[in-house]
Amino acid sequence: MKKVFIITGEVSGDKHASGVVRELLQLNSDIQIEAVGGENLQKAGVKLFHNHDKMGAVGLTPSVILNHFFLGLKIVNYLKNTFKPDLVLLVDYGAFNLSVSKHLKKAGIKTFYFIPPQIWASRKWRLKTMKKNIDKVLTIFPFEGKMYDEAGIKNTYVGHPLVKELPSPADKSEFFKRHNLNPNKKLVSVFPGSRMFEIRFLFNIFQRAAKIIEKKRNDVQFVVSYAANLPDNAFKTDLKTIKGENHALLSVSDALILASGTVALEAALYKTPMIIAYKGPLFFYLVYLLVRSIKKACLVNIITGKDIVPEFLMFDAKAEKIAEKIISILDSEKEKMLQLSGFRETEELLSQKHCVEEAAKIINEELIKEG
């Protein structure tokens, strides 16, 4: 019986990995799989070596660093001395997984990386670590392959998991009725982020933008998406809030004000026009300027190589500018069509393959090859 061990660090990685597991077990039921993960992997029939609940902590506090250090040691010792897998699949969670990969390489354990760190965006020196320690990278963006090819790292493009995982658009009339929204007004939804530091730096800007639009227009209503993981006191607002229905809200809105992140890609796949903004501590922004590899922030713009989605970053993240652009999106058919064209191009570039099926097939082929 072949053995596979999976290491994830966050809910999204756990979800994507569980899809790979289901496909892999359909191809080959004679595989024993264990993982560092969460409930998605567990529901897929995987035995959890460790739950990753505490791994989602953000920051460089002594407790976070120590927790990760000792967990890494525990995993490596278990894999070397007890489980002895035929293959380890690292999923996202770059800093931790790249650190573990060094020890896996020394132990002679074959290691694949699914959803690799976004080296194309920043910290290109990580390519050296990837080349030394990773046997194959399963990429999710079509433009990543060139970078890995040039670095001499084996890689295969498997497609992006969101294309197949995203729920169908919500029924707009039912959604409006259930949340007491006015069907005769346009809906602008605000997504201030799912982390407290994002809320701290962005929410007031987004809220002021909404107030500016409200003063100029009486045909617009606003909803703030309250991320399910946030505590109930994360922010205060007199705007309507909806918690835990991100995908439905993305799909029924006329325009979106978003914190930069994967949510922009989700919005694009729902064909909803948007702007993105980002702001953080000045020190971290200066560090980012030093390590970044590209100047674009929105995944739609990066994937297409075009300026499709307006970006308001750091000092440019001003309520007046955001309000002006949202009004323009609502009123200008030309502006909407430009974005929709970019969204269609993005989807075409990402949907050529069924991500988890492709990843499972490649892993199974490797296991068979090893006899």
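Residues numbered from 1 in each chain as written. Predicted model: local features only at pLDDT ≥ 70, side-chain atom pairs only at ≥ 80, totals over all residues. Heavy atoms only, no water.

Caption draft 1: Layout of the packing of helix α4 (residues 94–106) against helix α5 (residues 126–133). Running from N to C, α4 and α5 cross one another at 35°; their axes reach a closest spacing of 9 Å. For the element pair α4 and α5, the recorded crossing hand is left-handed. Across the interface between the two elements, Gly94, Ala95, Leu98, Ser101, Lys102 and Lys105 from α4 touch Arg126, Thr129, Met130, Lys132 and Asn133 from α5. (Axes fitted to C-alpha atoms, helices over the stretch in contact; angles between N-to-C directions. Helix = DSSP H or I, 4+ residues; strand = E, 2+ residues; numbered from the N terminus. Left-handed = near helix turned anticlockwise from the far one by under 90°. Contact = heavy atoms within 4.5 Å.)

Caption draft 2: The arrangement of the packing of helix α1 (residues 11–27) against helix α16 (residues 355–369) in detail. Between α1 and α16, the shortest axis-to-axis distance is 8 Å and the interhelical angle comes to 55°. Overall, the two elements α1 and α16 adopt an arrangement that is oblique. At the point where α1 passes α16, the crossing takes the right-handed sense. Listed contacts from α16 to His16, Gly19, Val20, Glu23, Leu24 and Leu27 of α1 are Val356, Glu357, Ala359, Ala360, Lys361, Ile363 and Asn364. The residue inventory of the contact of α1 with α16, partitioned by class, reads 7 nonpolar, 3 polar and 3 charged. (Parallel < 35°, antiparallel > 145°, perpendicular 65-115°, else oblique. Nonpolar A, V, L, I, M, F, W, Y, C, P; charged D, E, K, R; others polar.)

Caption draft 3: Region of interest: the sheet that holds strand β6 (residues 136–139). The strand order β3-β2-β1-β4-β5-β6-β7 describes an open sheet built from 7 strands, whose pairing is parallel. Of all strands in the sheet, those bounded by a partner on one side alone are β3 (47–51) and β7 (155–157). Across this sheet, the average inter-strand angle for adjacent strands is 20°, counted without regard to direction. Summarising the sheet, strand β1 (residues 2–7) and strand β2 (residues 31–37) pair through 6 bridges and their orientation is parallel. Bridge assignment links Phe5 to a residue of β2, and that residue is Glu34. (Pairing = 2+ DSSP bridges.)

Caption draft 4: How the structure looks around the packing of aromatic side chains. Applying the stated criterion across every chain, the model contains 10 aromatic pairs. Judged by centre distance (6.0 Å) and plane angle (70°), the ring pair of Phe5 and Phe49 falls under edge-to-face. Separated by 44 residues along the polypeptide, Phe5 in strand β1 and Phe49 in strand β3 bring together distant segments of the chain. Pairing Phe69 with Phe70 gives two aromatic rings, centres 5.3 Å apart and planes at 70°, and the pair type is edge-to-face. Stacked on the ring of Phe83, the Lys or Arg Lys3 has its end atom at 5.2 Å from the ring centre. In this structure, Lys74 is placed above the aromatic ring of Phe49, and the distance from its NZ or CZ to the ring centre is 5.6 Å. (Phe/Tyr/Trp six-rings, centres within 6.5 Å; stacked < 30°, edge-to-face > 60°. Lys NZ or Arg CZ within 6 Å of the ring centre and 35° of its normal.)

Caption draft 5: Focus on the state of the cysteines. Under the definition given, this model contains 0 disulfides. Sulfur of Cys355: no disulfide; nearest cysteine sulfur belongs to Cys298 and is 20 Å away. Judged by relative accessible area, Cys355 falls into the buried class, the value being 1%. (Disulfide = S-S within 2.5 Å. Buried < 20%, exposed > 50% of the residue type's maximum accessible area, 1.4 Å probe, protein only.)

Caption draft 6: Geometry of the pairing of strand β9 (residues 220–226). For β9, the tally of buried residues reaches 7 of 7 residues, placing the bulk of the element in the interior. Residues Val220, Phe222, Val224 and Tyr226 line one face of β9 and the alternating positions Gln221, Val223 and Ser225 line the opposite face, and both faces are buried. Pairing between strand β8 (residues 186–191) and β9: 5 bridges, direction parallel. Bridge pairing in β9 places Ser189 opposite Val223. Considered for its hand, the β-α-β crossover made up of β8, helix α9 (residues 196–216) and β9 is right-handed. As paired strands, β9 and strand β10 (residues 240–243) are joined by 4 bridges and run parallel to one another. Along β10, the bridge assignment pairs Tyr226 with Lys243. (Right-handed = clockwise from strand over helix to strand, strands pointing away.)

Caption draft 7: Structural context of helix α6 (residues 144–151). All of the buried residues along α6 are Glu144, Gly145, Met147, Tyr148 and Ala151. All buried residues of α6 lie within an arc of 160° about the axis, which places them on one face of the element. In α6, the exposed positions angled more than 90 degrees off the buried face are occupied by Lys146, Asp149 and Glu150. Residues of α6 that are buried sit in contact with α5, β6 and β7. Phi turns positive, to about 75°, at Gly152, one or two residues after α6. (Arc of directions from axis to C-beta.)

Caption draft 8: Geometry of the pattern of salt bridges. Scanning the entire structure with this criterion turns up 18 salt bridges. Between Lys369 and Glu366 there is a salt bridge, with its nearest N and O atoms 3.3 Å apart. Taken together, the residues Lys369 and Glu366, both in helix α16 and 3 residues apart, mark about one turn of the helix. The network of salt bridges with common partners includes Lys110, Glu366 and Lys369. (Salt bridge = Lys/Arg side-chain N within 4 Å of Asp/Glu carboxyl O.)

Caption draft 9: Quick peek at the side chain of His16. By the element assignment, His16 lies in helix α1. A distance of 2.9 Å separates the side chain of His16 from the side chain of Glu165, its partner in a polar contact. (Polar contact = N/O pair within 3.5 Å; in protein donor to acceptor, adjacent residues only side chain to side chain.)

Caption draft 10: Molecular detail of the sheet that holds β8. The sheet built from 6 strands is open, its strands ordered β10-β9-β8-β11-β12-β13 with parallel pairing. Two strands lie at the open edges of the sheet, namely β10 and β13 (311–313), each paired on one side alone. Each neighbouring strand pair of the sheet contributes to a mean axis angle of 20°, computed without reference to strand direction.

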